[in-house]
Every structure is written in structure tokens, then in C-alpha cells.
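Structural characterization, general
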Amino acid sequence: MSEAPQDESAKSRAASPPSSEVAPPLLSNTKDEEAKKGSKRRGAPRSAGRTAANAGPKKTITLVTGSEAMKERQKQAKALKEHRKMTMDSRHNFILSKISDYVGADSAVVEDFILGDDKFAQIEDFFATDGSRRIMFFYQECTITRIDLSSQAANSPRKLFITGGNTEELCGTCLIFLRSTTKGITIQNVAQEVNFMAMEVSKGDVLAGFQNFLEVL
């Protein structure tokens, strides 16, 4: 008989409607969120600072002015001429002396023109075994832009340069050296195997100059 009240009590609790009370809403802590965002923003520069620190030393760029570049080019040109002068011997002096005597120019000026000429290698080819049969020079009024020339050579109205004869127009003196052998030109045979000739051309009249040249022969 005592179990009946307990069953009724359990049924009464099961049948009773759920409580109408609602749990309080979760409130976000706005101040905490703003504080977190602020700490992230403040932390960004420190991260960037660490990245910059790990980037290594800065590269230094040196700017070269026009005057400094010109001085460097003049220095290199001077060194090249000194090197070529050291390789010269009596074969080169034979050619330079012939030119100097014919045109009446100072031997130092003739040497200055030739040592810095960009076709200087043609002289060596002329001396070589089975090399070129001739080498030719023009001595005439013209404009030559060269930073290696001495003031005396640069101010000379007539300039001396090595030429193949097919690119520059002749309007002055043509100086020609011809070899009579395929053997190499040496110190011993240069005077016997190399012949020197010159042709004067007035105002670009090559034909008249060639006729005068034949008359001399």
C-alpha cells in the first residue's frame, strides 16, 4: 500500500510542464575583445621590426660621376699604350721613322698616334708569317675623338691613323708599306723586305694623286 503514493508522485513530476524560466543570455565582453584587437595591432610593428632586423646589412651603391669615368678611361688608355710600347722593336721603329721623315712630324707625335690606334694589331699581322701584304696609313685633316692623345697630337690639324683604305675617304697623304715575302718580317730583314711608298691626294682627287704616284715610280 505504501508504493502507490510514490508512483503518483513520480507521475505528477513527469506530467508537470517544463519550467518557464529562461537562462540569462551570454553577454560578450566588448572591452576584452577590443583589448585583444589592440594588442594584435600593437604587436604588428614588433614583428615587422624583427623581419627587418633579419634582412641583413643594407647594400651600398656607389655612383660614378662623368669626370671620374673619363679619368678611368684615360687611365686604361694610357696603360694600353704603355703595354704596346713595351712590345715595340726596331721593326716598328722602321715604320714610324719612315712616316715621321716623310710627313715632317715629330717622332713622338707619330708614335702617340699609332700606339693608341684601335687598328694597332694590323701592324703585328703585317709582320707575321703569311700575314697581310700591306699596311696603310692616312695623314690628313680630319676629326678624331680620342682621349689618349697628348695635347700636341690632339691639337695637330692633320691626324695620322691606320686604315684599310675602304672606309675612310682619302684627302691628304696615303702612306703604304708593302712586304715582298711571305716569310715573317724580322729585325734582320725588315729593311730589305719592306718597301715604303706614299701618295698625295689633293681635295679628295684620288686619280690625280695616283697619277703623281706613278710618275714618281
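Within any chain, residue numbers begin from 1 and follow the written order of that chain's sequence. Given that the model is predicted, a residue must reach a pLDDT of at least 70 before its local features are reported, and side-chain atom pairs must reach 80 or more before they are shown or counted; all residues, however, enter totals for whole chains, interfaces and linings. Computation of side-chain values covers all heavy atoms of the structure but excludes hydrogens and water.

The next point concerns empty space enclosed by the protein. Buried and open spaces are told apart on a 1 Å grid over the protein atoms alone, a cavity being a set of points where a 1.4 Å probe fits but cannot get out and a pocket being an open set with protein on both sides within 12 Å along at least five of seven lines. Residues with an atom within 4 Å of a point are the lining residues. Grid points are joined across faces, edges and corners, and a volume is the space filled by probe spheres set on the points. Considering all chains together, one arrives at one cavity of 30 Å³ or more under this definition. Surrounding the largest cavity, Met88, His92, Ile95, Leu96, Ile114, Leu115, Phe120 and Ile123 form its lining. In DSSP terms, a helix is any run of H or I states spanning at least four residues, a strand is any run of E spanning at least two, and both are numbered starting from the N terminus. If you list the elements that add at least two residues to the lining of the largest cavity, you get helix H4 (90-103) and helix H5 (107-115). Of all the elements, H4 adds the most residues to the lining of the largest cavity, at three residues. Here the term charged refers only to Asp, Glu, Lys and Arg, the term nonpolar to Ala, Val, Leu, Ile, Met, Phe, Trp, Tyr, Cys and Pro, and the term polar to all other amino acids, Gly among them. Looking at the lining of the largest cavity residue by residue, the classes come out as seven nonpolar, one polar and no charged.

Another aspect to go through is the pattern of salt bridges. When a carboxyl oxygen of Asp or Glu lies within 4 Å of a side-chain nitrogen of Lys or Arg, that pair is called a salt bridge. Tallied over the full model, the rule gives seven salt bridges. In this structure, Asp118 and Lys119 form a salt bridge, with 4.0 Å as the shortest nitrogen-oxygen distance. Note on classification: 1.4 Å probe, protein chains only; a residue is buried when its accessible area is under 20% of the maximum for its type, exposed when over 50%, partly exposed between these limits. We classify Lys119 as partly exposed; its relative accessible area is 26%.

With that out of the way, let us pick up the environment of Gly116. Tracing the backbone shows Gly116 in the loop between H5 and helix H6 (121-127). Residues Gly116 and Glu82, 34 residues apart in the sequence, show an inter-C-alpha distance of 9.5 Å. For Gly116, the contacting residues outside a window of four places in its chain are Lys81, Arg84, Arg146 and Asp148. Throughout, a residue-residue contact means that at least one pair of heavy atoms, one from each residue, lies within 4.5 Å.

Attention shifts here to the layout of surface pockets. A water-sized probe, rolled over the atoms, reveals where empty space remains. Here the largest pocket is characterised by a volume of approximately 170 Å³. As for the largest pocket, its lining consists of Gln74, Ala77, Lys78, Lys81, Glu82, Lys85, Ala108, Glu111, Asp112, Leu115, Ile147 and Asp148. For the lining of the largest pocket, the secondary structure elements donating two or more residues are helix H3 (66-87) and H5. Counting residues per element, the lining of the largest pocket draws most heavily on H3, which supplies six residues. A per-class count over the lining of the largest pocket returns four nonpolar, one polar and seven charged.

It is worth spelling out the packing of H4 against H5 at this point. To define axes, lines are fitted to C-alpha atoms, for helices over the stretch in contact only, and angles between the resulting N-to-C directions are given on a 0 to 180 degree scale. Two elements in contact, H4 and H5, have axes whose closest approach is 9 Å; the angle formed by their N-to-C orientations is 125°. The angle between H4 and H5 places the two elements in the oblique class. The crossing of H4 and H5 is right-handed. For the pair H4 and H5, the contacting residues are Leu96, Ile99 and Ser100 in the first and Ser107, Val110, Glu111 and Ile114 in the second. Roughly parallel here means an angle under 35 degrees, roughly antiparallel means over 145, roughly perpendicular means 65 to 115, and every remaining angle is called oblique. By convention the crossing between two helices is left-handed if the near helix lies anticlockwise of the far one by an angle smaller than a right angle, and right-handed if it lies clockwise.

If you trace the four strands from one edge of the open sheet to the other, you get S2-S1-S3-S4, paired in antiparallel fashion. If you trace the sheet from one side to the other, it starts and ends with strand S2 (158-163) and strand S4 (194-200), each paired once. Adjacent strand axes in the sheet meet at a mean angle of 20° when their direction is disregarded. Bridge count between strand S1 (residues 134-141) and S2: six bridges; the pairing is antiparallel. Bridge assignment links Gln140 to a residue of S2, and that residue is Lys159. Packing against the sheet, H4 makes contact with S1, S2, strand S3 (173-179) and S4, and its axis sits at approximately 150° to S3. Running over the sheet, H5 touches S1 and S2 and is turned about 45° from S2. Strand pairing is assigned whenever DSSP detects at least two bridges linking the two strands.

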